[in-house]
Every structure is written in structure tokens, then in C-alpha cells.
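# Geometric and topological summary
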Amino acid sequence: MSPDRPLRVVVAGQGYVGLPLAMRAVAVGHEVVGFDVSVDRVKRLAAGESFVEDIPSATVAEALSSGRYQVTDTAVGCEGFDVAVICVPTPLDEGRPDLTNVESAALALGPFLQPGCLVVLESTSYPGTTESLLVPCLESGSGLHAGTDFQVGYSPERIDPGNTRWTIETTPKLVAGIDARSLDRTDDFYRTLVSETVRVDSTGAAELAKLLENTFRHVNIALVNELAMVAADLDLDVWQVIDAAATKPFGFMKFSPGPGVGGHCLPIDPSYLSWTVRRRLGRPFRFVELANDINDHMPDYVHTRLVQALNRRGLAMTGAKVLILGLAYKRNSSDARESPAVQLIAHLVAAGARLTVVDPHVVEDVLPGIDILGAQPSPAQLTAQDAVVLVTDHDAFDYEAVLRHSAYVLDTRHRLEGPRVEHL
Ligand SMILES: NC(=O)c1ccc[n+]([C@@H]2O[C@H](COP(=O)([O-])OP(=O)(O)OC[C@H]3O[C@@H](n4cnc5c(N)ncnc54)[C@H](O)[C@@H]3O)[C@@H](O)[C@H]2O)c1
């Protein structure tokens with residue numbers, strides 16, 4: 001639904017969530033200010049450069065030239081908004097939720113709140129964050145009262161980087177508010193951006209729903225990861241087992257094993273759930289703790305499998321030449337946050353392997369002291385390796401060359417078939 005009148009929208013945080021949202025808001029006709037504390041990000045965006053794969057730089061450039069998208073690194077540029085959406089990171093600090101970014105974004109926006117405006121939180125967090133943390137910060141910064149003077153909503157982002165079928169526009173969006181008016185306003189705003197909104201009775205329920213979505217995925221990945229380790233010991237092919245089970249047309253959902261979980265969501269969000277359950281109810285959320293345990297162990301397991309494979313050929317890990325294909329946590333993504341590849345590489349470095357790391361997407365310096373090759377490995381580079389480990393199966397890799405020139409490949413994603421390929 002296009003808006004009756006264009007709104008002045010601030011999107012605080014111009015990252016993987018905030019930038020696509022800002023671009024969508026521009027596309028439907030709103031006037032958007034992208035506010036981000038990263039001076040470098042703001043500079044690059046102002047020059048029309050995107051760092052999010054799903055958003056081409058041309059889209060940012062077009063938004064800028066439409067005159068309906070501006071970027072700023074100070075909250076002063078946010079003055080006079082109708083709607084502000086907060087999409088800032090919610091990391092863990094030594095296993096505990098770290099909401100300082102949400103707090104500082106709310107405190108920065110506070111002085112610019114005007115009667116009648118709407119503020120929505122999109123960042124993932126534990127139930128109670130909107131009411132108990134966001135609202136007090138907004139009220140103290142503005143001197144206004146939430147509910148009467150301005151409205152507050154929660155609408156978790158469900159973005160799936162690289163997914164072209166389910167986009168911001170086509171994915172149903174949960175909307176919630178701290179009261180009935182806030183819910184209506186939040187719903188009205190998102191109906192200008194997405195094809196379907198789903199109203200949830202309270203912000204707490206919407207916050208918990210988001211944690212359930214990510215914990216569901218985390219737990220199911222842990223299940224198949226544990227199965228992969230068991231199947232290998234039973235001398236059974238876990239991939240065939242999963243494909244066989246997935247032919248059941250009901251009551252089963254397919255998940256794939258891998259070298260571990262990464263990105264901003266799975267390694268972090270379920271711990272927001274277990275932390276809040278422990279703090280408020282005094283008991284563990286056992287599924288999350290078990291899933292963390294299994295998924296965190298996977299890079300170590302891949303390392304062990306590689307040691308065993310080298311030993312079978314009379315080779316030691318110390319001094320072995322190992323080529324890592326893929327550093328990002330996910331196929332065709334440049335996002336290497338919490339990537340299992342980084343942990344695997346740390347194990348290999350500690351064991352004395354001689355590493356070559358190739359990733360055509362990752363540009364950030366996530367491995368201090370280790371060069372990341374952006375180009376395809378040459379036939380000579382592949383031939384020179386004792387082992388190649390396919391960690392992230394980017395489409396850009398030349399898999400035929402990998403199969404032709406490698407002495408041994410440990411494929412953690414089940415992308416390759418061949419006489420010298422071993423699967424997880
Ligand atoms: N990336 C995903 O796929 C995804 C999916 C669903 C939900 N989420 C959730 O969305 C939130 C944002 O994640 P992201 O992946 O976009 O993070 P990101 O790191 O890509 O982007 C966040 C941006 O916020 C900026 N920022 C930090 N503090 C700020 C402040 N006080 N004011 C203004 N800007 C500030 C950072 O500089 C950064 O550019 C998180 O809570 C995350 O869990 C992420």
C-alpha cells in the first residue's frame with residue numbers, strides 16, 4: 001500500500017537491516033534520513049556506495065539523487081521526523097545481552113521527538129526491551145510521555161540476506177505496540193512498506209516470537225550437526241539420511257549440517273533467550289545451551305576431521321598446506337561476523353598449518369596477519385595444497401577446477417562430488 005502522504009522517516013543504523021529498510025521507504029515515496037554513528041559508512045553511502053549485497057550501489061545512488069534519501073552521522077540531521085526506526089546491533093558482551101547501541105540511539109533521538117511521532121525498534125532483543133529500556137530512554141531524552149505524546153512499536157526484522165524470493169516487501173512483518181494506538185500506528189507505517197503485516201498483541205510477544213524464530217533454526221541446525229558427527233562414526237552418509245527423511249511431505253523440515261553457525265543472528269539471539277529465562281525465571285533454557293554447545297563445537301570437529309584425513313595420507317597438520325575456500329558465514333555473502341571459518345582458521349594456525357584463504361566477497365580485514373585472496377585459486381595453487389576445505393560454498397568459486405586440481409577436498413557443505421572429495 002503506498003502512503004497517503006509521504007512521511008519523514010529516520011532509520012537509525014544503516015547496516016544489513018537498516019539500509020534495505022531505508023531503500024524500501026524511499027522506493028514507496030517517504031523522505032528518509034539514514035542515521036549511523038559510523039562516519040566511514042555514512043561517507044560511503046553519501047558517495048552512493050553500498051556494502052550490503054542485496055542493495056546495489058546504483059539503488060543508493062538513485063535514492064540520493066531522488067532527494068528523498070540523506071545520510072548523517074549525527075542525530076541533529078534527524079530533526080522533525082514522523083517515524084524513527086531503530087536498527088542497531090544487539091551483540092553479546094561475555095555472554096550477556098549488550099543493549100548499549102539501542103540505548104544510545106534512543107538517547108540520541110530523544111531530543112528530536114515531537115508530539116505525534118512514532119518510534120519503532122527492529123533490533124532483536126529479549127522480551128521487555130521495548131517497554132523497559134527503549135521507552136524510558138525516549139521519555140528522558142524528550143520530556144514527553146510514551147503512549148500519550150508519542151507512540152512506540154516493535155517490529156522485528158526478518159531479512160534473509162541473499163534471499164530473492166522472500167524480501168522486505170514479500171515477507172510478512174510482525175507489528176506490535178506498547179498500547180492499541182501504538183500498534184495501529186506501527187501497523188499503518190509498515191503497511192506502506194510490506195505486502196502483509198501480522199499484528200501481535202504486545203511488544204513482549206513480538207520480541208519473543210523473533211527469538212523463537214532464530215532459536216528454532218539454531219536448534220535444528222544443532223540437531224543435524226550432531227547427527228552428522230554420529231553418522232560419520234556409524235559410517236553412514238548423513239546427507240543421504242537427511243534427503244531420505246525430507247521426502248516425508250509432512251512433519252519434517254529439512255536443515256543441513258555445516259561447519260558451524262555465524263552471522264549476527266544464530267550465534268547471538270538464542271543466548272538473549274536463555275539469558276532472560278535464567279535471569280527472570282532462575283532456570284536454564286536447555287535447548288539453547290545444548291544447541292550452542294554443539295554448534296560452537298563444529299569448527300573444532302572440522303579441524304579434527306581434517307587432521308584424520310591428513311594422517312591417513314601420512315601427513316601432519318604442522319606444516320601442511322591447507323586452502324580454505326570461503327570465509328563468510330553464508331553462501332554469496334560478504335558477512336564474516338562470527339563466521340565458523342574464522343574459528344577453524346584459528347585452530348589451523350595454532351596447529352601450524354600453512355594457510356591460504358580465498359573469499360571473493362569478504363573485503364573487511366577479519367583475519368589480522370592473514371591475507372585473504374579475492375581471486376579464484378589458480379590450478380598451480382590448488383595442486384600445491386595438501387588439503388582444500390570448502391567452508392562456504394559461494395557460487396563464484398570454480399568448482400570444476402577445485403575438483404580437477406586438488407589432492408583432497410573436505411566439503412563441509414555437500415556441494416561437490418568426486419573421488420578425492422570427503423563430506424562432513
Ligand atoms: N543481519 C541480519 O540478517 C538480521 C536479520 C534480522 C534481524 N537482525 C537484527 O537487526 C539488528 C541490526 O543488525 P544489522 O545486521 O543490521 O547490524 P549492522 O552491524 O549491519 O548494522 C548496524 C548499524 O548500526 C550502526 N549503529 C550502531 N550504534 C548506533 C547508534 N547508536 N545510532 C545509529 N547507528 C548506530 C552501526 O554503525 C551499523 O552501521 C540486530 O539487532 C540484529 O540482530 C539482523
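Residues numbered from 1 in each chain as written. Predicted model: local features only at pLDDT ≥ 70, side-chain atom pairs only at ≥ 80, totals over all residues. Heavy atoms only, no water.

### Quick notes on the packing of aromatic side chains
Ring pairs (aromatic) are described by centroid distance and by the angle formed between their planes. Here is the rule: Two aromatic rings, drawn from Phe, Tyr or Trp (for Trp, its six-membered ring), form a pair once their centres lie within 6.5 Å of each other, and the interplanar angle then sorts them: stacked below 30 degrees, edge-to-face above 60, tilted otherwise. For every residue, the accessible area obtained with a 1.4 Å probe (protein chains only) is divided by the maximum for its type, and the residue is called buried under 20%, exposed over 50%, and partly exposed between those limits. Note on conventions: DSSP H or I runs of at least 4 residues are helices, E runs of at least 2 residues are strands, and numbering of each starts at the N terminus.
As enumerated under the stated definition, the model contains five aromatic pairs in all. Aromatic side chains phenylalanine 189 and tyrosine 190 sit 4.9 Å apart centroid to centroid with 65 degrees between the ring planes, which places their arrangement in the edge-to-face category. Here the two residues phenylalanine 189 and tyrosine 190 agree in accessibility, since each one is buried. Measuring from ring centre to ring centre gives 5.9 Å for phenylalanine 216 and phenylalanine 255, while their planes differ by 65 degrees; the resulting arrangement is edge-to-face. Of this pair, phenylalanine 216 sits in helix α7 (residues 203-233) while phenylalanine 255 sits in the loop between α8 (238-245) and α9 (269-281), and the two are 39 residues apart along the sequence. For phenylalanine 216, a relative accessible area of 40% puts it in the partly exposed group. Joined through ring pairs, the aromatic side chains of Tyr126, Tyr272 and Trp275 make up one cluster.

### A closer look at the sheet that holds strand β15 (residues 409-411)
Selection criterion: DSSP calls a pair of strands paired once it identifies at least 2 bridges connecting them.
With respect to topology, six strands assemble into an open sheet ordered β13-β12-β11-β14-β15-β16, the strand pairing being parallel. Both outer strands of the open sheet, β13 (372-373) and β16 (421-423), are each paired with one neighbouring strand and no more. Bridge analysis of strand β12 (residues 354-358) against β13 gives two bridges, and the strand direction is parallel. Opposite valine 357, over in β13, you have isoleucine 372 as the bridge partner.

### Side note on the sheet that holds strand β8 (residues 151-154)
Counted only if it meets this: Orientation is described by axes fitted as lines to C-alpha atoms, over the contacting stretch for helices, and by angles from 0 to 180 degrees between their N-to-C directions.
If you trace the eight strands from one edge of the open sheet to the other, you get β3-β2-β1-β4-β7-β8-β9-β10, paired in mixed fashion. Whereas interior strands pair on both sides, the edge strands pair on one side only; in this sheet they are β3 (69-72) and β10 (197-199). On average, each strand axis in the sheet is inclined to that of its neighbour by 25 degrees, with strand direction left out of account. Two elements, strand β7 (residues 118-121) and β8, share four bridges in a ladder whose sense is parallel.

### Some words on the pairing of strand β1 (residues 8-12)
The criterion, for reference: The handedness of a crossover follows from its direction of travel: if, with the strands pointing away from the viewer, the path from the first strand over the helix to the second runs clockwise, the crossover is right-handed.
When you tally the buried positions in β1, you get four out of five residues, the bulk of the element. Alignment of β1 against strand β2 (residues 31-35), held across five bridges, turns out to be parallel. The residue of β2 that forms the bridge with valine 11 is glycine 34. Chirality of the crossover, the property in question, places the unit of β1, helix α1 (residues 18-27) and β2 among those that are right-handed.

### Description of the site of the ligand
What counts here: For each residue, the test is whether any non-hydrogen atom lies within 4 Å of the molecule or strand; if one does, the residue is near. Definition of a polar contact: a pair of N or O atoms within 3.5 Å, with one able to donate and the other able to accept a hydrogen when the atoms are protein atoms, and with sequence-neighbouring residues admitted only if both atoms are side-chain atoms. Residue burial considers only the protein chains on display, and all accessible areas are found by Shrake-Rupley using a 1.4 Å probe. Each residue gets one label: Ala, Val, Leu, Ile, Met, Phe, Trp, Tyr, Cys and Pro are nonpolar, Asp, Glu, Lys and Arg are charged, and the others, such as Gly, are polar.
Val17, Asp36, Arg41, Thr90 and His264 are the nearest of the 26 residues found near the ligand. Taking valine 88, its main chain carries an N or O atom lying 3.5 Å from an oxygen atom of the ligand. In isolation the ligand exposes 840 Å². Once the protein is present, 93% of that is buried. The dominant element in the shell around the ligand, judged by the number of residues it contributes, is helix α4 (residues 100-109), at three residues. Looking at side-chain class alone, the shell around the ligand contains 11 nonpolar, 10 polar and five charged residues.

### Quick word on the side chain of arginine 185
Applicable threshold: Counting rule for charge: Lys and Arg are taken as positive, Asp and Glu as negative, and neither His nor the chain ends is counted. One speaks of a salt bridge when a side-chain nitrogen belonging to Lys or Arg is within 4 Å of a carboxyl oxygen belonging to Asp or Glu. Note on contacts: a residue pair is in contact if any heavy atoms of the two residues lie within 4.5 Å.
As for its position among the elements, arginine 185 is in helix α6 (residues 180-191). Despite its burial, arginine 185 pairs with no opposite charge; the closest candidate is aspartate 188, at 6.1 Å N-O. One polar contact links arginine 185 to glutamine 151, side chain to side chain, over a distance of 2.7 Å. When near neighbours in sequence (up to four residues on either side) are disregarded, arginine 185 contacts Asp82, Gly116, Cys117, Leu118 and Gln151.

### Digging into a nonpolar patch on the surface
Which entries qualify depends on this criterion: Each patch is assembled from residues with relative accessible area greater than 30% and no salt bridge, linking like charges that lie within 9 Å and nonpolar side chains (Val, Leu, Ile, Met, Phe, Trp, Tyr) that lie within 5 Å.
Together, Leu227, Val230, Leu234, Leu236 and Val241 give the surface a local cluster of nonpolar side chains, amounting to about 420 Å² of exposed area. Its location among the elements puts leucine 234 in the loop between α7 and α8.

### Section: the side chain of asparagine 220
Examined against the element boundaries, asparagine 220 turns out to sit in helix α7. Taking the relative accessible area as the measure of exposure, asparagine 220 reaches 18% and is therefore buried. From its side chain, asparagine 220 meets the backbone oxygen of phenylalanine 216 in a polar contact 2.7 Å long.

### Let's talk about the pattern of salt bridges
Enumeration according to the criterion identifies 19 salt bridges in this entry. Residue glutamate 289 pairs with arginine 278 through a salt bridge whose shortest N-O separation is 3.1 Å. Remark: arginine 278 occurs in helix α9 and glutamate 289 occurs in helix α10 (residues 286-312); sequence separation between them is 11 residues. Accessibility expressed as a relative area gives 31% for glutamate 289, which makes it partly exposed. Between arginine 415 and aspartate 393 there is a salt bridge, and its shortest N-O distance comes to 3.8 Å. In this pair, arginine 415 sits in the loop between β15 and β16 while aspartate 393 sits in the loop between β14 (387-390) and α13 (399-405), placing the two residues 22 residues apart along the sequence. Judged by relative accessible area, arginine 415 falls into the partly exposed class, the value being 33%. Residues participating in the shared-partner salt-bridge network are Asp184, Asp187, Asp188, Arg191 and Arg199.

Fair warning: the whole summary comes from geometry, so function is off the table for now.
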